[in-house]
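Residues per chain are reported as follows:
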Amino acid sequence: MVHDLYQETILDHSKRPRNCHTMDDANRKAEGYNPLCGDKLKLFLKVENDVVKDVSFVGSGCAISTASASLMTESLKGKTRDEALKLLDKFHELLTTDTAVSQDLGKLVVFCGVRDYPARVKCATLAWHTLKSALTNVTEPATTE
Amino acid sequence: MSTLSSQVSAGFDVEKIREDFPVLKQTIHGRPLVYLDSAATAQKPFAVIDAIRRFHEVDCANIHRGVHELSQRSTAAYEETRAKAKRFLNSRSKNELIFVRGTTEGINLVASAWGRTNVKAGDEIVISAMEHHSNIVPWQMLCEEKGAKLRVIPMNDRGELLMEEYEKLLNPRTRMVAVAHVSNALGTINPVRQIIEMAHRAGALTLIDGAQAVPHIKVDVQALDADFYTFSGHKLVGPTGIGILYGKSKLLDEMPPYQGGGDMILTVTFEKTTYNDVPYKFEAGTPNIAGGIGLGAAFDYVTHIGIEQIAAYEHDLLVYGTEALSQLPGLRLIGTAREKASVLSFVIEGIHPHDIGTVLDKQGIAVRTGHHCAQPVMDWFNVPATTRASLAFYNTTAEIDALVAGLKKVKEIFS
């Protein structure tokens, strides 16, 4: 049922998103936009010696996209750039394939229900698309298209 | 509520009508389908499905070019739809009716064929604040190409156009006023007759986007005095990929063709081509023949039920739905015009429309969520998106009750 999608952790993070603020001393920023639903997101990163020291976001979106951004910020702190990009790939795999759920994903596994809702995959990946452009220094806003 | 419910069903046999729509007889995620997305596309009755099937099974041939029996049958059936459209819209002649893919192509045809020959630098095109992207972008493209200016009639908080502001926009440079008859995102029925009259007084032409109007209210292009009027078949229980553009003969005669190709010509040599007469001048290539025939069946079906009866029943549904939704705490209707078609666009405080849409879908309820291809409307109301329940004559008060129950469940999950 619908609770497979809206698991407790997702509802919790959508109602009380973590790291949801701007960051004055961020050295990497990116914006994400989902033209289908109008969801917008700004991501702030502090990267030092190739390690994500701090990360935050602001934006407006649905429960899935807000929870995804919130949980992403929690799971990124302390990761190297490469580790972050690898996590992105695994997360994408979680949402779009039927393969076994990777244990490396930690709390992010709560999003496994999204794979049964193809129309909602882009909601869950918006923050991650934005992360990719922040880490690869693309200046154009990331879109889910 | 139950008194209102029995008033709505009086004199309109919706259960009998529902028998005509096979798609409605199914369950989604174990619940009976509640289809509340007819403003996106209407469901199709057997009459339309059968007409398309019969064409492919019995009459299938290309039109306007064969001497053989099948080609003549196909041509007759396809052209019969033009005659039906003439009766449906009350145009003077069937030669004023051009087959297009849909409303979007109808608008693009006018913006391109009429606009490129009649609009020059400094001219002005007027649209409204509640237009669908399809009645914004083609005019923007034209204005950009010609150095013309796009001006926008503003609206109030109810989603009604400000007619005194419209009056101020009109001037001798105004070449075209292009507005929706009924707003897809808000349901507002615009006073198009008055809009057209005012445009004509200023010396401008008019194009009316009738996509959301034709399925729900009686449209008479002569009474409106519209210069162009266009709509899509699929919102009128017809198939996708077919629609009608009405244009006054004199304007169509003067316009250059839209696309070049077969069927739109009289003679072709490498030196010179002479174009076919209106409406064929605008119909290059093999058209959507099956779609055209299906649209003819849709005209017959809607005429048989009666567009006035449909309008009256849908209005009762709208009143019932407005009252039912207004009782939900935290729900705000977007679009509360005094003249309104059966569209219920709304937001619920703290819950994103996409989440509402997904939870409703799990209960078998199909609604549209998003910006409804009307991003400026969303910006005006300062919402990123809305949930939209759009009602058709095959919907029931019980389905509105199901929507309300579904929304209560949504609030349970996200509160």
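Just so we're clear, the structure is a prediction, and the values are computed from it rather than from any experiment. (Residues numbered from 1 in each chain as written. Chains lettered and ligands numbered in written order. Predicted model: local features only at pLDDT ≥ 70, side-chain atom pairs only at ≥ 80, totals over all residues.)

Engineer: What should I look at first to understand the overall build of chain B in this one?
Structural biologist: Counting its secondary structure elements, chain B contains 15 helices and 17 strands. Compactness check: chain B gives a C-alpha radius of gyration of 22 Å against a globular reference of 22 Å for 415 residues, within 12% of the reference. With the C-alpha coordinates of chain B rotated into their principal frame, the extents come out at 70 × 55 × 35 Å. Counting over 415 residues, chain B shows a buried share of 51%. (Helix = DSSP H or I, 4+ residues; strand = E, 2+ residues; numbered from the N terminus. Rg over C-alpha atoms; globule rule 2.2 N^0.38 Å. Buried ≥ 20, exposed ≤ 12 C-beta atoms within 10 Å, placed from the backbone.)

Engineer: When you look at the domain arrangement of chain B in this model, what are you seeing that I'm missing?
Structural biologist: How big an interface is tends to be reported as the loss of accessible area on association of its parts. All names here are of chain B. When its domains are assigned, chain B resolves into domain 1 (2-32 + 306-414) and domain 2 (49-304). Using C-alpha coordinates to define each centre, domain 1 is positioned 29 Å away from domain 2. Listed as interface residues are 21 residues of domain 1 and, on the opposing side, 20 residues of domain 2. Elements that contribute at least two residues to the side of domain 1 that touches domain 2 include exactly helix 12 (307-326), strand 14 (343-348) and helix 14 (375-380). Taken together, the residues of the side of domain 1 that touches domain 2 sort by class into 12 nonpolar, 5 polar and 4 charged. (Domains from an automatic or database assignment. Contact = placed C-beta atoms within 7 Å. Nonpolar A, V, L, I, M, F, W, Y, C, P; charged D, E, K, R; others polar.)

Engineer: How should the sheet that holds strand 6 (residues 149-153) of chain B be read in this particular structure?
Structural biologist: For sheets, the rule is that strands pair by backbone hydrogen bonds, running either parallel or antiparallel. Residues and elements named next belong to chain B. Spatially, the 7 strands line up as an open sheet ordered 4-10-9-8-7-5-6, and their pairing is mixed. Strands with a single pairing partner mark the edges of an open sheet, and in this sheet they are strand 4 (97-100) and strand 6. When strand polarity is set aside, the average angle formed by the axes of neighbouring strands in this sheet is 20°. Sheet strands in contact with helix 5 (residues 103-118) are strand 4, strand 7 (174-180), strand 8 (205-209), strand 9 (228-232) and strand 10 (243-247), and its direction is about 150° off that of strand 9. (Pairing = 2+ DSSP bridges. Axes fitted to C-alpha atoms, helices over the stretch in contact; angles between N-to-C directions.)

Engineer: Help me out: how do you make sense of the nonpolar core in this one?
Structural biologist: Nonpolar side chains tend toward joint burial in soluble globular proteins. Counting residues in hydrophobic clusters, the biggest one holds 159 residues, and the most contacted among them are L43(A), A127(A), I125(B), I293(B) and A298(B). Sorting elements by how many residues they give to this core places helix 11 (residues 289-305) of chain B first, with 9 residues. Three or more residues apiece are contributed to this core by two domains, here domain 1 (2-32 + 306-414) and domain 2 (49-304) of chain B. (Core = buried A, V, L, I, M, F, W, Y, C linked by C-beta atoms within 7 Å.)

Engineer: In this structure, what is going on with the interface of chain A and chain B? I would like to understand it.
Structural biologist: Facing the 15 residues of chain A at the interface are 13 residues of chain B. Split by residue class, the side of chain A that touches chain B holds 10 nonpolar, 3 polar and 2 charged.

Engineer: Would you take a moment to explain the environment of C143(B) for this structure?
Structural biologist: Residue and element names in this part refer to chain B. Position of C143 relative to the elements: it lies in helix 6 (residues 137-146). Residue C143 is classed as buried on the basis of its 20 C-beta neighbours within 10 Å. Sequence spacing of C143 and I195 is 52 residues, and the spatial spacing of their C-alpha atoms is 21 Å. Filtering out sequence-adjacent residues up to four positions away, C143 remains in contact with I125, A148, K149 and L150.

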